[in-house]
Amino acid sequence: MKKLLTSAAALAAIGSGAFAADDVTLQLKWVTQAQFAGYYVALEKGFYEEADLNVTIKPGGPDVAPVQVLLGGGADVMVDWMPSALAARENGAPVVNIAQPYKSSGMMLTCLKETGITGPEDFPGKTLGVWFYGNEYPFLSWMGKLDIPTDGSEGGVTVLKQGFNVDPLLQKQAACISTMTYNEYWQVIDAGISADDLVTFKYEDQGVATLEDGLYVLEDSLTDEAFKDKMARFVAASMEGWKYAEENPEEAAEIVLEYDETGAQTMEHQVRMMTEVAKLTAGSNGALDVADYERTVESLLSGGSDPVITKEPEGAYTLEITDAALN
Amino acid sequence: MRPDTTFEKIVWPVGFGLLVLVLWEVIVRVFGVSPAILPPPSAIAAAMAGSLPILWEDWVQTVVKGALNGLWMGTLAALILALIIDRFDFLKRGLMPVANFFAALPIVGLAPIMVMWFGFDWHSKAAVVAIMVFFPMLVNILGGLAAVDPMHRDLMRTYGATHIQTLHKLRGPAALPFLFNGLKIATSLALIGAIVAEYFGSPIRGMGFRITTEMGRLATDMVWAEIVVSAVTGTALYGLVAGIEKRVTFWHPSQRG
Amino acid sequence: MSKIIPVLTVLVALIVIWYAAAVKMNSTWTYDQAERAGSEVTFSELITDTMSQKRPLLPAPHQIVAELWDTTIEKKITSKRSMVYQGSITLKTTLLGFGFGIVIGIALATVIVLSRIGRLTLMPWAIISQTIPIVALAPIIVVLSNAVGTGTLMVPKAIIAAYLSFYPVLVSMVKGLQSPDQMQLDLLKTYGASQSEVFWKLRLPSSMPYFFASLKVSVAAAFVGAVVAELSTSAIAGLGARMLIGSQFGEPMIMWAALFAAAILAAILIFLVGGFEKLARNLMGGRAV
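A quick note: this is a predicted structure, and the numbers were derived from the prediction, not measured.

### Re unusual backbone geometry
All names here are of chain A.
- One non-glycine residue, D52, lies in positive phi territory at about 60°.
- Along the chain, the position of D52 falls in the loop between α3 (47-50) and β2 (53-58).
- Judged by the 20 C-beta atoms lying within 10 Å of it, D52 falls in the buried class.

As structure tokens, this is what we get:
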């Protein structure tokens, strides 16, 4: 498989007939961490270079909307979650999914057991921490499905915009907070609360999972054959990086740490994150599963009174790139 | 040089502002700038008109509950402390350098800590604002209380005036221009503090919350709508302080001419 | 030197209050943990635990000093974990913004003083600009500079710093350029001096003391601007970004250390600029404003 990918990429490189490597800038959704290990591994291990690509990876952060960077021309391709990408599409930012390295969702709601929450039926009256900045959509559509109002009205939940840490749970300012299986959940554990004191609800188990980290480009750019070829090579090399990272979590974590500009990440945390992330990427060869896409769209459309998107999106994904990359 | 007429004082700046708006609208339309990057002023106006209830709710949360509460708490605390340490020379000499130092610090960095301490609602925002305005107010009030002509003070002493009387009749009024100067700085600090603190966690309303959330949704017209509201609020607060100052300190040389 | 003893007394008092507050604030967590483990907490256990928590609500002063020592002296300067490295990034932003601020401030002041229409048009907007909370604009500034293609965050950060720091320079320069009195202006007129000669030979030199006096305020404003910019633009390096990262990764010690590093850096900056101001004043013959 790996060989096949490499040779496909090499062939593509010859096909394009370019001597100078093509520049590709990738905008991440969040800071440098093992969540994006595949791309860093592909960069460090020279997979991109073999595919005749000169890749620059731009980390994101709490106030960076990858879509805006893409629109502003600051990047060629971005990592984003499908809910926010589709919402942006409806708001006039024509982004298209070209690949989906994450098969499953890692999003959860983590609650303190002492609050008495045992199931979603206990949510009304409680305070729940939610991420915003484009990450609130899965939550809103779940609550919509449960028919629990989020606007603070009777019988509903009080929603907090939580910062990107787990303090609200530790300080008991919220009964539940949003966590990722590979990141914040472990921050709670590390803070000294044992798993027995916690109740978690995985979006995947609740049947409201939406697609997470996928690769998106601007629709206009897909009319350019050279760009499509470049993206095919990029996706192929990235998936090679992902598969390598899945098999070698320790090495992948080390590579991520080297690229971490914040200096706040630790080896222990990154190895654990890589191991958890591997579970989410395991089922994907890079190609978007149309059934997953349809489930995401359906979940977003069904968001009660205030759905995340109002109409069925058209042309929001293309299988062309992954077809070219994987064959 | 002929003096400026009121007419000129209004027409020039307003005309300049309108010119900028027109240029902005034209540039955005001619070059086809994506609305997600820079919306034209007309779209911003439409967004404002279309979401008045939201803007009002955010304004109450951030300005009334966060900024103004913090402003009066910080100012009152500074006033009380200033009056206390004014009585003790030892304290004054010890605290002035420390307060001066703190006044120059980026206290807004305390915002995430205040959110951790006081929770997500307006209390943490008011706390950030209170600390931010406290030190500039303290320094200004203390400076004002010291800004009395020694001759005047001696005169009060020969009258046999008590500390309270001197404070009330002489030093208080003399400190007023300084107090207002501090307030002018404090009002703009208060808005900054209240908005930044919302970046670190908030309920689902407030200007800082709306700015970050709408930015993530690419609804930049809404972001600009909040910016307009914050700008108008900041200017109005400043104008209010300047207006009160004019009425209260009409006797001071800085208000003459 | 009559200040040293009072200042020290105040500082000691602050530290004592701090320790007491640390015990009080961190005790909730200690009790919660003990309850989860089902054990009792004695007083001495309480003190030791509240002084050494990994994620304290309020760290004890010695914890902050230890963290600062660890991240400034013990770490290599080039390390991303070094506060010196992070501080140098903030310093760069500050100085860049400070430089922009001085240029913009002087340029605007010149226009305002030389042209009546310039003054009528620009002065009200200069005042209004300072009442607008710059943080509200931060995300927009980042997006716009990205769209224009500056690539790095340095430019938007410096713009925010400059936005805060130009105003003190502007106000002082307007005052300074207008400081020559009518007699001096008339004298130059009798010499037949042109408008530009009046500006270069009289107005500009007499504005210098005002200019230097404004620098201290301006550099402090630029520094605050740089930190605010790093807090609100998702910067990944710099002291403001450290505070943000400390908050995001649930590492309060990073946050506190960055806060204190920022305080120390601000003190150094203000001290240096203050020294420069004194030096310039002495060179100009000790005329104070």
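### Comments concerning the domain arrangement of chain C
- Domain annotation of chain C identifies domain 1 (4-58) and domain 2 (83-283).
- Between the C-alpha centres of domain 1 of chain C and domain 2 of chain C there is a distance of 40 Å.

### Remarks on the sheet that holds strand β8 (residues 176-180) of chain A
- Reading across the sheet, the six strands line up as β9(A)-β5(A)-β8(A)-β6(A)-β7(A)-β1(B) and stay open at both edges, with mixed pairing between neighbours. Of all the strands in the sheet, just β9 (198-202) of chain A together with β1 (202-203) of chain B have a single pairing partner and so form its edges.
- Here two bridges tie strand β6 (residues 127-130) of chain A to β8(A), and the two strands are oriented parallel to one another. Note that in β8(A) the partner of A:L128 across the bridge is A:C176.

### Quick word on the interface of chain B and chain C
- At the interface, 41 residues of chain B touch 44 residues of chain C.
- Ranked by residues supplied to the side of chain B that touches chain C, first place goes to helix α10 (residues 220-248) of chain B with eight residues.
- Among the residues forming the side of chain B that touches chain C, the class breakdown is 30 nonpolar, six polar and five charged.

### A closer look at the sheet that holds strand β1 (residues 22-27) of chain A
Residue and element names in this part refer to chain A.
- The mixed open sheet is built from five strands, whose spatial order is β2-β1-β3-β10-β4. Every other strand in the sheet has two partners, leaving β2 and β4 (95-99) as the edge strands with one partner each. Across the sheet, the mean angle from the axis of one strand to that of its neighbour is 35°, orientation sign disregarded.
- By the bridge criterion, six bridges tie β1 to β2 in an arrangement that is parallel. Note that in β2 the partner of L26 across the bridge is I57.
- Of the strands in this sheet, β3 (77-80), β4 and β10 (214-218) touch helix α5 (residues 82-90), which is tilted by about 145° from β4.

### Overview of helix α1 (residues 4-37) of chain C
- Its 34 residues give α1(C) an end-to-end C-alpha distance of 49 Å, which sits within 8% of 50 Å, the value for a rise of 1.5 Å per residue.
- Those residues of α1(C) lying buried are C:P6, C:V10, C:A22 and C:N26.
- On the buried face of α1(C), the contacting elements are α4 (89-103) of chain B together with α2 (43-51) of chain C.
- Once α1(C) finishes, C:G38 follows within two positions and takes phi at roughly 75°, a positive value.

### A short note on the pairing of β1(A)
- Sheet analysis places β1(A) next to β3(A), joined by two bridges and oriented parallel. Bridging across to β3(A), A:L26 finds its partner in A:V77.

### Concerning the environment of B:E245
Residues and elements named next belong to chain B.
- Summarising the element assignment, E245 is placed in helix α10.
- Residue class for E245 comes out buried when judged on the 20 C-beta atoms lying within 10 Å of it.
- Considered as a pair, E245 and N181 are 64 residues apart in the sequence and their alpha carbons are 9.0 Å apart.

### With respect to the interface of chain A and chain B
- Listed by partner, the interface residues are 24 residues for chain A and 22 residues for chain B.
- Of all the secondary structure elements, the ones that give two or more residues to the side of chain A that touches chain B are α4 (66-71), α5, β7 (158-161) and α7 (167-170) of chain A.
- Where β7(A) lies against β1(B), two bridges are found, and the strand directions are antiparallel. Among the inter-strand pairings, A:K161 is bridged to a residue of β1(B), identified as B:S202.

How each quantity is defined
- Residues numbered from 1 in each chain as written.
- Chains lettered and ligands numbered in written order.
- Predicted model: local features only at pLDDT ≥ 70, side-chain atom pairs only at ≥ 80, totals over all residues.
- Helix = DSSP H or I, 4+ residues; strand = E, 2+ residues; numbered from the N terminus.
- Buried ≥ 20, exposed ≤ 12 C-beta atoms within 10 Å, placed from the backbone.
- Domains from an automatic or database assignment.
- Pairing = 2+ DSSP bridges.
- Contact = placed C-beta atoms within 7 Å.
- Nonpolar A, V, L, I, M, F, W, Y, C, P; charged D, E, K, R; others polar.
- Axes fitted to C-alpha atoms, helices over the stretch in contact; angles between N-to-C directions.
- Expected span 1.5 Å × (residues − 1).

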